[in-house]
Amino acid sequence: MDPFVVVVLSLSFLLLLSLWRQSSGRRNLPPGPTPLPIIGNFHLIDMKNTRQSFSNFSKTYGPVYTLYFGSQPTVVLYGYEALKEALIDHGEEFSGRGSFPMLEKVFKGKGIAFSNGNVWKAKRLFTVNTLRNLGMGRRTIEEKVQEEAQWLVKELKKTNGSPYDPHFIMGCAPCNVICSIIFQNRFDYEDKDFLSLIGKVNECSKILTTPECQIFNVFPILLNYCTGSHNIFFKNFTYIKSFILEKIKEHEESLDVTNPRDFIDYFLIQRHQENGNQQTIYSLDHLASLVTGLFFAGTESTGTTMRCALLLLLKHPHITAKVQEEIDHVIGRHRRPSMQDRIHMPYTNAMVHEVQRYADIAPNSMVHEMTCDTKFRNYFLPKGTTVIASLTSVLQDSKEFPNPEMFDPAHFLDGNGNFKKSDYFMPFSTGKRVCVGQSLASMELFLFLTTILQNFKLKPLVDPKDIDITPIGSIFSTIPPTFQMCFIPI
Ligand code: HEM
Ligand SMILES: *[C@@H]1O[C@H](CO)[C@@H](O)[C@H](O)[C@H]1NC(C)=O
Ligand SMILES: *[C@@H]1O[C@H](CO)[C@@H](O)[C@H](O)[C@H]1NC(C)=O
């Protein structure tokens, strides 16, 4: 046969096969646009504005719909009711972690965030308990955050009020908090190891948001054939992991089982107790992946939120002035802000919540997966179905937060100026996979921001009206544009 005919015949066969597979699998899935073979619904999704695309689909297909990324059906949950019903009421069924090939390749199912089943359950339990033992949400860690806030102020003073891009340093402070939990010690902001570590974390996070990387996640097979940014990603990741392995070795040598110093020590002690157990998760490789994961999760998300906060405060000087007035009134100039103060600072508390609502840094949380066959509403979601929960749809709900596109702390205040909690405040997601670092992150955001505003006047380089706050977005992350500003000591 003519080779050309063979190619045409096999291609049409593949096309038919993929059409058939898509339509047979579709029967009981939620409604959605008709997929094309191979690319699925890719052509209908505006990758530059996935928020708008997802919102448009929900208007046509309702709060639970199906999109095809390639030949893979993905169920999208849109709006508070759908998210609550799925992630909370059916928490167990929706608690799987969906596939993220670039990260799977490096974590190999060993961290928390990218593992599943019993490994995930054991790791998560260990992590939550250990963070609690180390004092997360209590004074011990609060003191570390307060101390870091003072180092941050010291470093910002060195800029002498001249134009400065705060990007890098806003990653340093949260990274140091994680370091002090994991390795017991923080690093100097000029320390060479620390700088290269943060450099690598930044590099990796940047690569994960590129369009190229989104394509790898849909067509993972390309990972094996293409060279490109993902190789730089793997190299940088490996550097971080070997740095951490080095630290683990040092810890092993100086371990005192009766006196754990930090997260690594708690793990090593558990490891000694489980000695001989073949299937244990307490191996050094598991520990390295776990710690690397905490590093990523704890540094970038908090840093991004801080950058967003600064940009929004520059853009809205009247809001900043009100926060500073409250700080002056409740804390004054001479005492360090503490978590105790938060109860007496409703406006500042509301501002921090509003920053997280508005910044919406994880618009679709992290991808989930069904842990078993599940009947949900009138649909049937087979085990392994990929699920995306739109946090944007909850954070931007216009009934809960009137004018959701406006940055306004009043979204979290009642008529008397008291702080008003909202069930719709879900920047950390909800359900069984909810962020492990939620209380740590909230503490950091409150203490870092109040300490900065207690010590500096924030000065933009242009008229606030002209500050561009348009974020750079992808399906799984939103980051603010880069900017410069001046920190004028008060
Ligand atoms: C402002 C800061 C932060 C935000 C907005 C944030 C947000 C999130 C979100 C949306 C998820 C995915 C939840 C899901 O799968 O539905 C997550 C997971 C996670 N976060 Fe955070 N996070 C922040 C800070 C932190 C910090 C400081 C830590 C470090 C202790 C941390 C550790 C984790 C871990 C380990 C997971 C994976 C949980 C799992 O898969 O079971 N995060 N976070
Ligand atoms: C969403 O729908 C509106 C109105 O129908 C349309 O103008 C817009 O282009 C759509 N946007 C996206 C990203 O699909
Ligand atoms: C990390 O990323 C940088 C910048 O893209 C790259 O030049 C470097 O080779 C990467 N690898 C390592 C091991 O750091």
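Throughout this document, residue positions are counted from 1 along each chain, in the order its sequence is written. Throughout, the order in which chains and ligands are written sets their labels, letters from A for the former and numbers from 1 for the latter. Totals for whole chains, interfaces and linings use all residues, but because this is a predicted model, local features are given only for residues with pLDDT of at least 70 and pairs of side-chain atoms are given and counted only at 80 or more. The basis for the side-chain values is all heavy atoms of the structure; hydrogens and waters are excluded.

Chemist: Sorry, what's going on with the overall build of the protein chain here?
Modeler: Think of it this way: any DSSP run of H or I at least four residues long counts as a helix, any run of E at least two long counts as a strand, and we number them from the N terminus. Scanning the protein chain for helices and strands turns up 16 helices and 11 strands. The globule rule used here is 2.2 Å times the number of residues to the 0.38 power, and the radius of gyration it is set against is calculated over C-alpha atoms. Its C-alpha radius of gyration of 24 Å places the protein chain within 12% of the 23 Å reference for a compact globule of 490 residues. Taking the principal axes of its C-alpha atoms as reference, the protein chain extends roughly 85 × 60 × 45 Å. The classification of residues rests on relative accessible area computed with a 1.4 Å probe and restricted to protein chains. Under 20% of the type maximum is buried, over 50% is exposed, and intermediate values are partly exposed. Taken over 490 residues, the protein chain has a buried fraction of 52%. Contacts are assigned to residue pairs with any non-hydrogen atoms lying within 4.5 Å of each other. Of the contacts made within the protein chain by residues no fewer than 6 positions apart, 72% connect residues no fewer than 24 positions apart. What sets the accessible areas is the Shrake-Rupley method with a 1.4 Å probe; for residues, cover comes only from the shown protein chains. Within the structure as shown, the protein chain displays about 22,800 Å² of accessible surface, and the carbon and sulfur contribution to it stands at 56%. Separation between the mean location of the 50 positive side-chain charges and that of the 48 negative ones in the protein chain comes to 2 Å. Under this rule, positive means Lys or Arg and negative means Asp or Glu; His and the chain ends count for nothing. Think of each charge as sitting on NZ of Lys, CZ of Arg, CG of Asp or CD of Glu.

Chemist: Please clarify how the site of ligand 3 should be interpreted in this entry.
Modeler: Lining the immediate surroundings of ligand 3 are Lys200, Glu203, Ile232, Lys235 and Asn236. Counted as a polar contact is a pair of N or O atoms within 3.5 Å, where, for protein atoms, one must be capable of donating a hydrogen and the other of accepting one, and residues adjacent in sequence contribute only when both atoms are in side chains. Residue Lys200 places a side-chain N or O atom 3.2 Å away from an oxygen atom belonging to ligand 3. Between ligand 3 and Glu203 there is a distance of 3.2 Å, counted from an oxygen atom to a side-chain nitrogen or oxygen. When contributions to the shell around ligand 3 are tallied by element, the ones reaching two or more residues are helix H8 (192-208) and helix H10 (229-253). It is H10 that provides the largest number of residues to the shell around ligand 3, a total of three residues. We call Asp, Glu, Lys and Arg charged. Ala, Val, Leu, Ile, Met, Phe, Trp, Tyr, Cys and Pro are nonpolar, and the rest, Gly among them, are polar. Per-class residue counts for the shell around ligand 3 are one nonpolar, one polar and three charged. Being near a molecule or strand, for a residue, means having at least one of its heavy atoms within 4 Å of it.

Chemist: Explanation requested: the site of ligand 2 in the structure shown.
Modeler: In the neighbourhood of ligand 2, the contacting residues comprise Asp46, Gln52, Ser53 and Asn56. Bound to the protein, ligand 2 loses 38% of the 360 Å² it would expose on its own. By residue class, the composition of the shell around ligand 2 is no nonpolar, three polar and one charged.

Chemist: Even after reading the chapter, I still don't get the packing of aromatic side chains, so can you show me in this structure?
Modeler: Each aromatic ring pair is described using two quantities: the centre-to-centre distance and the angle formed by the ring planes. For this analysis, a ring pair means two rings from Phe, Tyr or Trp (six-membered ring only for Trp) whose centres lie within 6.5 Å, classed as stacked if their planes differ by under 30 degrees, edge-to-face if by over 60, and tilted for the remaining angles. In the structure shown here, the tally under the stated rule is 27 aromatic pairs. Arranged with centres 6.2 Å apart and planes meeting at 55°, the rings of Phe100 and Phe476 form a pair that is tilted. Of this pair, Phe100 sits in the loop between strand E3 (96-97) and helix H4 (101-107) while Phe476 is found in the loop between strand E9 (472-473) and strand E10 (478-479), placing the two residues 376 residues apart along the sequence. A relative accessible area of 25% means that Phe476 is categorised as partly exposed.

Chemist: Which parts of the structure should I look at to understand helix H3 (residues 80-89)?
Modeler: Because each turn of an α-helix spans 3.6 residues, side chains separated by three or four positions in sequence point in the same direction. When we look at burial in H3, the residues that qualify are Tyr80, Ala82, Leu83, Ala86 and Leu87. Buried residues along H3 cover an arc of 160° about the axis, so they all sit on one side. Looking at the packing, one finds that the buried side of H3 touches strand E1 (64-69), strand E2 (72-78), strand E4 (368-369), strand E5 (374-376), strand E7 (386-390) and helix H15 (391-395). Our arc is simply the arc of the directions from the helix axis toward the C-beta atoms.

Chemist: Is there a simple way to explain a nonpolar patch on the surface in this structure?
Modeler: Residues Leu36, Ile38 and Ile39 make up a contiguous nonpolar surface patch of roughly 250 Å² in combined accessible area. With respect to the element layout, Ile39 can be found in the loop between helix H1 (3-26) and helix H2 (50-61). When its relative accessible area of 32% is taken as the criterion, Ile39 is described as partly exposed. By definition, no residue in a patch forms a salt bridge, and every one has over 30% relative accessible area; like charges are joined within 9 Å, nonpolar side chains (Val, Leu, Ile, Met, Phe, Trp, Tyr) within 5 Å. Just to be clear on terms, a salt bridge is a Lys or Arg side-chain nitrogen sitting within 4 Å of an Asp or Glu carboxyl oxygen.

Chemist: What is the right way to look at empty space enclosed by the protein in this model?
Modeler: Unoccupied space between atoms shows up once a probe the size of one water molecule is rolled over them. Using a 1 Å grid laid over the protein atoms alone, points where a 1.4 Å probe fits but cannot get out form a cavity; open sets with protein on both sides within 12 Å along at least 5 of 7 lines form a pocket; any residue with an atom within 4 Å of a point counts as lining. Grid points are joined across faces, edges and corners, and a volume is the space filled by probe spheres set on the points. Counted under the stated rule, the structure contains one cavity of 30 Å³ or more. The volume enclosed by the largest cavity comes to roughly 40 Å³. Surrounding the largest cavity, Thr50, Arg51, Phe54, Tyr78, Pro363, Asn364, Ser390 and Thr392 form its lining. Considering each element in turn, the lining of the largest cavity owes the most residues, three residues, to H2. Of the residues that constitute the lining of the largest cavity, the class distribution is three nonpolar, four polar and one charged.

Chemist: So what exactly am I meant to see when it comes to the sheet that holds E1 here?
Modeler: To summarise the sheet geometry, strands pair through backbone hydrogen bonds and adopt either a parallel or an antiparallel arrangement. The sheet built from five strands is open, its strands ordered E1-E2-E7-E4-E3 with mixed pairing. Since the sheet does not close on itself, it has two edges, and those belong to E1 and E3, each with one partner. A pair of strands is treated as paired once DSSP finds two or more bridges between them. As judged from the six bridges shared by E1 and E2, these two strands associate in the antiparallel manner. Paired with Tyr68 across the two strands is Pro73, which belongs to E2. Helix axes are fitted only over the stretch in contact, all axes being lines through C-alpha atoms; the angle between N-to-C directions runs from 0 to 180 degrees. Sitting on the sheet, H2 touches E1, E2 and E7, and the angle it makes with E1 is about 130°. On the sheet, H3 packs against E1, E2, E4 and E7 and is oriented at approximately 115° with respect to E2.

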